[in-house]
Amino acid sequence: MSQAILFCSDLDDPVAWHAAVQALRPDLSVIDWKDADDPERFEFALLWKPPPQGLGAFTRLRAIQSLGAGVNQLDLSTLPDLPLARLTDPSLTDTMTDYAVAATYRYFRSFDRYERNSRARRWDYVFAPSKADFPVGVMGTGVIGGNAARTLAALGFPVRGWSRSPRTIPGVESFSGPEGLIPFLEGCRLIVNVLALTEETRDIINRQTLSAMPKGSYVVNIGRGAHVVEEDLVAMLDSGHIAGATLDVVQTEPLPEDHPLNGRDDVLITPHCAGGIDPRTAAAAVIENMERALSGRPLLNAVDRARGY
Ligand code: NDP
Ligand code: OXD
């Protein structure tokens, strides 16, 4: 029987992944968990989330590849103790960066205000601002955030970055560690959150951290919903301290219709669509990790379970 990768995702297309993998390795198949009649066959899994019944039946698995850059959706506490890798891919980095740039420009050029005005048939001139007055902060300058920070800096924004360990990115003022967070936020008119979700970063965007930003600042969240204390964000929007928020991720997805963040003029919700992975570019990294796993070599982009990302 030929080799096969076990696949599980409600969001990604197993047929497209199968075609992309076969284009590189015609002997290798991608099989959706619903068609996985012989669980013993699989040594490698490509998962957004585990199948509903878990991975218990797949006793020969040797490694797991996340179908996302994040791994928290896999719930590490219930996942078998196998090598685990997150996915990094140019298509994902590019689409995430595009979203960060688009959301930044929307606030920088007051499109949010013009959207409201034009719906109200109101002509209200806003003087074109200068980028020098609109410093942008990127929370989490890893693969995606690092690229977003570089891109925003190349576009002429003053850019600050915050991460766990000190990072050097040309054109970006870098801050790190818990002691660097408030000084970082104090100088940002807009933050783009693209942190990994761990126990240390959960709830990190809250009343105290939002208060550190200048009045009239903006929040863009493309990391995870659990980074934000939503009731604190609502309160800070109500007070006007935060002028607007763009949230691609929320604590409960889809956002419940009656949630206080829904239907507000100053909040834009998008359905966890900021990043998109193109199997045609990402298949090579998945195959490389499968080959590494089967030959006992360390995975690329391996998750450090103790660190949580
Ligand atoms: P990386 O692992 O490359 O980057 C994670 C960043 O988070 C790093 O800069 C890391 O710091 C930082 N970080 C982690 N813990 C802390 C901490 N305690 N304090 C400060 N910084 C911390 O991941 P990616 O850039 O590939 O992806 C980032 C996240 O984006 C994913 O985990 C996922 O949640 C989210 N995502 C969302 C998508 C969407 O569609 N909305 C799509 C893709 C990803 P350091 O640099 O020091 O390691
Ligand atoms: C990811 C995501 O983590 O799509 O890649 O959220």
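The structure this text deals with has already been given above.
Let us look at the structure shown here.

Cut-offs applied
Residues numbered from 1 in each chain as written. Chains lettered and ligands numbered in written order. Predicted model: local features only at pLDDT ≥ 70, side-chain atom pairs only at ≥ 80, totals over all residues. Heavy atoms only, no water. Helix = DSSP H or I, 4+ residues; strand = E, 2+ residues; numbered from the N terminus. Expected span 1.5 Å × (residues − 1). Buried < 20%, exposed > 50% of the residue type's maximum accessible area, 1.4 Å probe, protein only. Polar contact = N/O pair within 3.5 Å; in protein donor to acceptor, adjacent residues only side chain to side chain. Contact = heavy atoms within 4.5 Å. Axes fitted to C-alpha atoms, helices over the stretch in contact; angles between N-to-C directions. Parallel < 35°, antiparallel > 145°, perpendicular 65-115°, else oblique. Left-handed = near helix turned anticlockwise from the far one by under 90°. Nonpolar A, V, L, I, M, F, W, Y, C, P; charged D, E, K, R; others polar.

As for helix 2 (residues 90-108)
(1) Moving on: Compared with an ideal rise of 1.5 Å per residue, which puts 19 residues at 27 Å, helix 2 spans 26 Å between its outermost C-alpha atoms and is within 8% of the ideal.
(2) Moving on: Residue S110 follows helix 2 closely and has a positive phi angle near 60 degrees.

Quick notes on helix 4 (residues 143-154)
Each turn of an α-helix holds 3.6 residues, which means side chains three or four residues apart point in the same direction.
(1) Moving on: Compared with an ideal rise of 1.5 Å per residue, which puts 12 residues at 16 Å, helix 4 spans 17 Å between its outermost C-alpha atoms and is within 8% of the ideal.
(2) Moving on: Taken residue by residue, helix 4 has I144, G145, G146, A148, A149, L152 and A153 as its buried positions.
(3) Moving on: Just beyond helix 4, the residue with positive phi is G156, at close to 105 degrees.

As for the side chain of S9
(1) Moving on: Note that S9 resides in the loop between strand 1 (4-8) and helix 1 (14-24).
(2) Moving on: Under the relative-accessibility criterion, S9 is labelled buried at 8%.
(3) Moving on: Only 2.9 Å separates the side chain of S9 from the backbone nitrogen of L11, close enough to count as a polar contact.
(4) Moving on: A polar atom in the side chain of S9 sits 2.6 Å from the side chain of D12.
(5) Moving on: With near-sequence residues (within four places) excluded, S9 lies in contact with W48 and L67.

Description of the packing of helix 2 against helix 4
(1) Moving on: Contact pair helix 2 / helix 4: the axes reach a minimum separation of 9 Å and the direction vectors enclose 50 degrees. Judged on the interaxial angle alone, helix 4 and helix 2 are oblique. Regarding helix 2 and helix 4, the two cross each other, and that crossing is right-handed. Mapping the contact onto sequence places L92, T93, M96, T97, A100, V101 and T104 in helix 2 and V143, I144, N147, A148, T151 and L152 in helix 4.
(2) Moving on: In terms of residue class, the contact of helix 2 with helix 4 is built from eight nonpolar, five polar and no charged.

A few points about unusual backbone geometry
(1) Moving on: Note that the residue after E253, namely P254, is joined by a cis bond; omega there is -5 degrees.
(2) Moving on: Among the secondary structure elements, P254 is positioned in the loop between strand 11 (242-247) and strand 12 (267-269).
(3) Moving on: Phi at S110 is positive, roughly 60 degrees, even though this residue is not glycine.
(4) Moving on: Mapped onto the fold, S110 is located in the loop between helix 2 and helix 3 (111-119).
(5) Moving on: Given the relative accessible area of 13%, S110 is considered buried.
(6) Moving on: The backbone of H272 sits at a positive phi, close to 45 degrees, despite the residue not being glycine.
(7) Moving on: Assignment of secondary structure puts H272 in the loop between strand 12 and helix 8 (279-294).
(8) Moving on: On the accessibility criterion, H272 (31% relative accessible area) is partly exposed.

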